[in-house]
Amino acid sequence: MTGTDARQDSTTGHGRRHRHIPQTRWPRRARRTEAGPPPVWSRNFALFFAARAVARLGDTMLPVALAAGLLEHGYGAGAVGLAMASTAAAFAGLVVFGGVVADRFSTRRLMIGADLARLVTQSLAASLFFAGHVVLWQICVIGFVNGVAGAVFQPGVASTVPRLAADIQGANGAIRIAESAAQLAGPAVAGLLVGFASPGGVFAAHATTYAASALCLLLLRLPPLPESARGTAGRGMRAFRADLVQGWREFRSRAWLWGVIAVWCLYMIAVWGPTVPLVATEVVQHHGPRAYGLVNSALGAGTVVGGVLALRLRPRRMLRAGALALFAFFGFPAAVGAGLGVAVMAAGAAVAGAGMSFWSVMWATSVQTQVPADVLNRIHAYDVAGSLAMMPVGQALAGPAAGVLGAGHVLLVSAVTSVVVAATLLVIPAVRDLVRAEPDRPGHRHLRGHSRT
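What counts, and at which threshold
Residue positions are given per chain, counted from 1 along the sequence in the order it is written. With the structure being a predicted model, the display of local features is reserved for residues of pLDDT at least 70 and the display and counting of side-chain atom pairs for 80 or more, all residues being used for whole-chain, interface and lining totals. With hydrogens and water stripped out, all remaining heavy atoms of the structure feed into the side-chain values. Secondary structure elements are taken from DSSP: a helix is a run of H or I of four residues or more, a strand is a run of E of two residues or more, and numbering for both begins at the N terminus. The cut-offs for exposure are 20% and 50% of the maximum accessible area for each residue type, with area from a 1.4 Å probe on protein chains only; residues under the lower value are buried, those over the upper are exposed, and the others partly exposed. For the accessible areas, the method is Shrake-Rupley and the probe is 1.4 Å, while residue cover comes only from the protein chains on display. Definition used for salt bridges: Asp or Glu carboxyl oxygen within 4 Å of a side-chain nitrogen of Lys or Arg. Note on contacts: a residue pair is in contact if any heavy atoms of the two residues lie within 4.5 Å. Patch construction takes residues with relative accessible area above 30% that form no salt bridge. Like charges are linked within 9 Å, and nonpolar side chains (Val, Leu, Ile, Met, Phe, Trp, Tyr) are linked within 5 Å. When two rings of Phe, Tyr or Trp (its six-membered ring) have centres within 6.5 Å they constitute a pair, described as stacked for plane angles under 30 degrees, edge-to-face for angles over 60, and tilted for the intermediate range. To qualify as a nonpolar core, a set must consist of buried Ala, Val, Leu, Ile, Met, Phe, Trp, Tyr and Cys residues joined through side-chain atoms within 4.5 Å. Distance and chemistry together define a polar contact, namely a pair of N or O atoms within 3.5 Å, with one atom able to donate a hydrogen and the other to accept it when in protein, and with adjacent residues in sequence counting only for side-chain atoms on both sides.

1. Side note on the overall build of the protein
Moving on, step 1. For the protein, the helix and strand inventory stands at 17 helices and two strands.
Moving on, step 2. Evaluated residue by residue, the protein yields a buried proportion of 51% over its 453 residues.
Moving on, step 3. Split by element, the accessible area of the protein, about 19200 Å² in all, is 67% carbon and sulfur.

2. Some points on the pattern of salt bridges
Moving on, step 1. What the rule picks out here adds up to six salt bridges.
Moving on, step 2. In this structure, the salt-bridge partner of Glu179 is Arg52, at a minimum N-O distance of 3.5 Å. Within this pair, whereas Glu179 is found in helix α6 (residues 168-196), its partner Arg52 is found in helix α1 (residues 43-72), the two being separated by 127 residues in sequence. An identical accessibility class is assigned to Glu179 and Arg52; each is buried.
Moving on, step 3. When the shortest N-O distance is used, the salt bridge between Asp115 and Arg118 registers 3.1 Å. Remark: Arg118 and Asp115 occur in helix α3 (residues 107-131); sequence separation between them is three residues, near one turn of the helix.

3. Some remarks on the environment of Leu47
Moving on, step 1. Assignment of secondary structure puts Leu47 in helix α1.
Moving on, step 2. Along the primary structure Leu47 and Cys216 are separated by 169 residues, whereas in three dimensions their C-alpha atoms are 5.3 Å apart.
Moving on, step 3. Once you skip the residues sitting within four places of it in the chain, Leu47 turns out to touch Cys216, Leu219 and Leu220.

4. Digging into the environment of Gln183
Moving on, step 1. Residue position: Gln183 is located in helix α6.
Moving on, step 2. Residue classification places Gln183 among the partly exposed positions, given a relative accessible area of 38%.
Moving on, step 3. Spatially, the C-alpha atom of Gln183 lies 9.0 Å from that of Ser297, the residues being 114 residues apart in sequence.
Moving on, step 4. Those residues in contact with Gln183 that lie beyond four places of it in its chain are Arg56 and Thr60.

5. Examining a nonpolar patch on the surface
Moving on, step 1. Taken together, Leu94, Phe97, Trp137, Val141, Phe144 and Val145 make up a surface patch of nonpolar side chains, about 560 Å² in accessible area.
Moving on, step 2. A per-element tally of the nonpolar patch places helix α4 (residues 136-153) first, with four residues.
Moving on, step 3. Structurally, Trp137 is set in helix α4.
Moving on, step 4. Among the residues examined, Trp137 registers a relative accessible area of 57% and is labelled exposed.

6. Overview of the packing of aromatic side chains
Moving on, step 1. All told, the structure shown has eleven aromatic pairs when counted by the stated rule.
Moving on, step 2. On the basis of an interplanar angle of 10 degrees and a centroid distance of 4.8 Å, the ring pair of Phe129 and Phe203 is categorised as stacked. In this pair, Phe129 sits in helix α3 while Phe203 sits in helix α7 (residues 199-219), placing the two residues 74 residues apart along the sequence.
Moving on, step 3. Residue classification places Phe203 among the buried positions, given a relative accessible area of 2%.

7. Notes on the nonpolar core
Moving on, step 1. Formed by 60 residues in total, the largest nonpolar core has its most connected members in Val95, Trp256, Phe332, Trp359, Trp363, Val367 and Leu425.
Moving on, step 2. Element by element, the count of residues in this core is highest for helix α9 (residues 255-287), at 13 residues.
Moving on, step 3. With 22 residues, the next largest nonpolar core counts Leu47, Phe48, Ala51 and Ala171 among its residues.

8. Some words on the side chain of Thr303
Moving on, step 1. Of note, Thr303 is situated in helix α10 (residues 289-312).
Moving on, step 2. Accessibility expressed as a relative area gives 9% for Thr303, which makes it buried.
Moving on, step 3. At 2.5 Å, the side chain of Thr303 and the backbone oxygen of Gly300 are in polar contact.
Moving on, step 4. In contact with Thr303, other than residues within four places in its own chain, are Arg176, Ser180, Gly353, Ala354 and Ser357.

Below you can see the structure in the form of structure tokens.
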């Protein structure tokens, strides 16, 4: 945004007049002093941090539990994929509607309810595996319910962070580090539980993580939202549709936002979608599962490093800095596609993880600081839906493409495309020139200069 007039267009940089959004007024007691923002590590943020970390730990345990449990009961890889797809389909299809719901009701209560629902479903799954009575359609139904709960839970994450910490970038960086560390530990913990207990034990542990997350959120105390930042009071399907349409208009009115999502669709189809399954196939076939574990761990370690860098570096043009960091992803698929040694592949994965993690923090912070509080949940839902919608397409096309070109060549194409994606983000003026917005207080954006993942 050029200048400081909040009514100017924050998406194009041309100063075009935009629909007026009322300034959010917060009670005097909630306002920060001129001395600077409060520290990130308040009691409430620590609770939210713990909730996100433990939930991520459980989520990374689930694929191991599904694979081991279903294979043990005579099902094949297709059944494992179907069980995972049931969750992903429900989440991707309903998260936009979850954003509308989150803007109309208490996000904390919705997140607690979603955690409790998943506590019940995963406890049920654990009992099925413990009893040895595992039917695929039942597991898929449980996965679908989990996806619905996730669609209700996820939109509230974006709006909760700005209400807990004035240093939004620092808060996102800290959460990113916790989630990355959990992602490193989760598969290892799941493997130990499968080895020493059973797949049912992993499902029981997963259910426990949702109980812990719900408890942390129950103890959480969020500052009250002012009237101007709350959802519309109307009820019924007509009001619901109006909120959905308003969210889409807000999303479409920001060129930097939909521009990143449009580019990210290409990224998911041609880069991330093929990279995940083909890297696993190539590394395991040529170097064994231990080598793949090493490469995957290096990727996770790199994401921790990227989160640390995002805590320390404060670029004025956040999306420009994040796009530059995305160039680092090239080395991961390129090293595997070229058939280089395990050490080189691990190094490429670590650098790629750092770049992706840094981008993720820059993107999340930009969305949370540039978008008005009253539509943030809906905008975040469109962001999540748009980011994830094309990933299954890329994964589905990876196999046929590898059959025609060879897996190594497909990965090399993905590496080149990752460079094209990062360069495209830098070419788009609305993305390249977006200047960070510093919040004076939760829900209020004070824009300095010009007004993903």
